[in-house]
Amino acid sequence: QSRLLTRKDRERADTGAEVKSFLSFIVLCFSCAGTPAAAHHSFAPHFDPDSSVTITGTITGFEQRNPHSYLRIAVRGENGEIEEFECESSGITQLRRNGIDADILTTGSTVTLTGQQHRRDPHKCFFRTVQVDDGPLLSISGAGTQLDYADDIGGNTGQRGIFGNWLLIPAGDRAGNGESYEEMLAFLTEEGRLAEASYEPIKDDPVYTCHPIGLRRVWFAPGTPTAITREADRIIIKHEWMDVERIVHLEPVEPDRTRPRDTFGRSVGRIEDGVLTIETDDYPAGLVRQYVGVNNEPPFRGLLHSDQLRTTEIVRYDDDQQTLEVTMLFEDSGYYTREFPPAITRYERTDLKIRPFGCTPDK
């Protein structure tokens, strides 16, 4: 029989208590004019990490796309009535690498999902594992396997040092990941306060229109590789997420005033003792993070930056650990009265090649 159980439900069942229907829980109703109905694109504002769910039902549809995919299933409740659920997950590029695609998520199949409950809608969740019929349990968080694709970019053959293809090390396996940016909201200038007040996180998230956000977002994109190569007097950094390609000049360059400022500014780098240092300016006003909340909990606000933003990236290869460490330093005198705390993330080598992301904007 189809079912939906929260973690608390299962705990009560283990102690012999009657499992009550999840749908009887009181859920806060939510509406937001202009918000895309089926889009979320950032985990914490929409899903409760402490509310685990297991759902079993019949697949009624699978929308496979980037940056997020959606699985729709019919669940039979305790009263015998069918309820429709929509569960979001990673983009199709990451799912396919872990064996999760339309070939197994076929309409009419029985599927069991585990993940986290939506904060406002009891008929939505974020799934992390799937099991179809009696098939294997598949996780979205695996390292993935390379799929054949005509436009794949690069690989690690013959690459050394900072160069090659890299995959973000999961947050639980790395230290100093720079998540404490909410403290910067206490150091806004008057101009910064006005800009922050005009941003509505749930409604204005630029990912809805396939905008890559900025520097921090692309370096912290999980499950999608990044390639670093050198071409003569420049470094090319390609992030699979949102098809971002950055050029880091190894010689000074003047800004091109004949075109609008680029989201990723004007970058000049230098390599010393195998360490790549990138200094970037000439940014347009934009976002550092779409959502910021104390302890990653509601209410959420946006963390914006002005066109005075200056960033420094320190990209360092650890030969002993065979990992890449990226430290990001932000300074924005237009919107903040102090510098940002460092954001630090680490990568491991991967044989995954970069594939076209092909983001689909929300309707």
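Our subject in this report is the structure included herewith. (Residues numbered from 1 in each chain as written. Predicted model: local features only at pLDDT ≥ 70, side-chain atom pairs only at ≥ 80, totals over all residues. Heavy atoms only, no water.)

By definition, the strands of a sheet pair up through backbone hydrogen bonds, in either a parallel or an antiparallel sense. Taken in spatial order, the nine strands of this closed barrel run β8-β9-β10-β11-β12-β13-β16-β17-β18, and their pairing is mixed. Strand after strand, the sheet turns through a mean of 30° between neighbouring axes, direction not considered. (Pairing = 2+ DSSP bridges. Helix = DSSP H or I, 4+ residues; strand = E, 2+ residues; numbered from the N terminus. Axes fitted to C-alpha atoms, helices over the stretch in contact; angles between N-to-C directions.)

Here the focus is the state of the cysteines. Summed over all chains, the structure comprises two disulfides. Through a disulfide, C87 is tied to C125; the S-S separation comes to 2.1 Å. For the disulfide bridge between C87 and C125, the dihedral angle about the S-S bond is near 115°, and by the sign convention the bridge is right-handed. Of the two residues, C87 is situated in strand β4 (residues 82-90) and C125 in strand β6 (residues 124-132); the sequence distance between them amounts to 38 residues. In this pair, the class of C87 matches that of C125, namely buried. Across a sulfur-sulfur distance of 2.0 Å, C210 and C359 are joined as a disulfide pair. (Disulfide = S-S within 2.5 Å. Buried < 20%, exposed > 50% of the residue type's maximum accessible area, 1.4 Å probe, protein only.)

Glancing now at the pairing of strand β11 (residues 244-249). Here β11 shows a clear split, with V244, R246 and V248 buried on one side and none of E245, I247 and H249 buried on the other. For strand β10 (residues 234-239) and β11, the ladder comprises six bridges, and the chain directions are antiparallel. Considered in β11, the bridge of I236 is made with I247. Hairpin connection, β10 to β11: the antiparallel pair is bridged by four residues, and M242 has positive phi, about 60°. Both β11 and strand β12 (residues 266-272) contribute to a ladder of two bridges, which runs parallel. Paired with H249 across the strands is V268, a residue of β12.

Bear in mind that shape data such as this cannot, by itself, settle questions of function.
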